Amino acid sequence: MAAPKSRNLIIVVAIIVVALVAYLATMQTDSRTPGEKISDAMGEMSEGVGDAMEQAGDAMQEAAEETGAAVEGAAEDVSEEAKKAMEAAPEAAPETPAEAQ
């Protein structure tokens, strides 16, 4: 087994090696051609546009459902009021044309 000082030295050297490898990996030059770079960018952009269109479609569907529910509720309210008015109309109307004058 290694002595404590040599063990610490091994740990420090291992950390330096890992840091150096990580630095070199991040500093590696991009060897793609400009056409490949543009193609990759267009692919990423089209994915983003597709996601945005899907979200917009979902929002439109939700809005349509909410609007449909609101219209249905309003139609029911109008129907109920019309029934009440029809029920009250015979009571308010005169019985004969002569009474109307």
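Check the entry above for the structure.
To keep things clear, this report deals only with the structure shown in the data block.

What counts as what
- Residues numbered from 1 in each chain as written.
- Predicted model: local features only at pLDDT ≥ 70, side-chain atom pairs only at ≥ 80, totals over all residues.
- Heavy atoms only, no water.
- Helix = DSSP H or I, 4+ residues; strand = E, 2+ residues; numbered from the N terminus.
- Buried < 20%, exposed > 50% of the residue type's maximum accessible area, 1.4 Å probe, protein only.
- Areas by Shrake-Rupley, 256 points an atom, 1.4 Å probe, with all protein chains shown as cover.
- Salt bridge = Lys/Arg side-chain N within 4 Å of Asp/Glu carboxyl O.
- Patch = residues over 30% accessible without salt bridge, like charges linked within 9 Å, V, L, I, M, F, W, Y side chains within 5 Å.
- Lys, Arg positive; Asp, Glu negative; His and termini not counted.
- Charge placed at Lys NZ, Arg CZ, Asp CG, Glu CD.

1. Remarks on the overall build of the protein
The helix and strand tally for the protein stands at 3 helices and 0 strands. Taking all 101 residues of the protein together, 0% fall into the buried category. As displayed, the protein offers around 9100 Å² of accessible surface, 64% of which is attributable to carbon and sulfur atoms.

2. Focus: the pattern of salt bridges
One pass over the structure, following the stated rule, counts 2 salt bridges. Note that D40 and R32 form a salt bridge whose closest N and O atoms lie 2.3 Å from each other. A residue is classified by how much of its surface remains accessible, and D40, at 35% relative accessible area, is partly exposed. Residue classification places R32 among the partly exposed residues on the basis of a relative accessible area of 34%.

3. Considering a nonpolar patch on the surface
A cluster of nonpolar side chains, contributed by I38, M42, M45, V49 and M53, occupies part of the molecular surface with about 530 Å² of accessible area. The residue V49 is located in helix 2 (residues 34–92) in this model.

4. Overview of a negative patch on the surface
Taken together, the side chains of E44, E47, D51, E54, D58, E62, E65 and E66 make up a negatively charged region of the molecular surface. With respect to the element layout, D51 can be found in helix 2.

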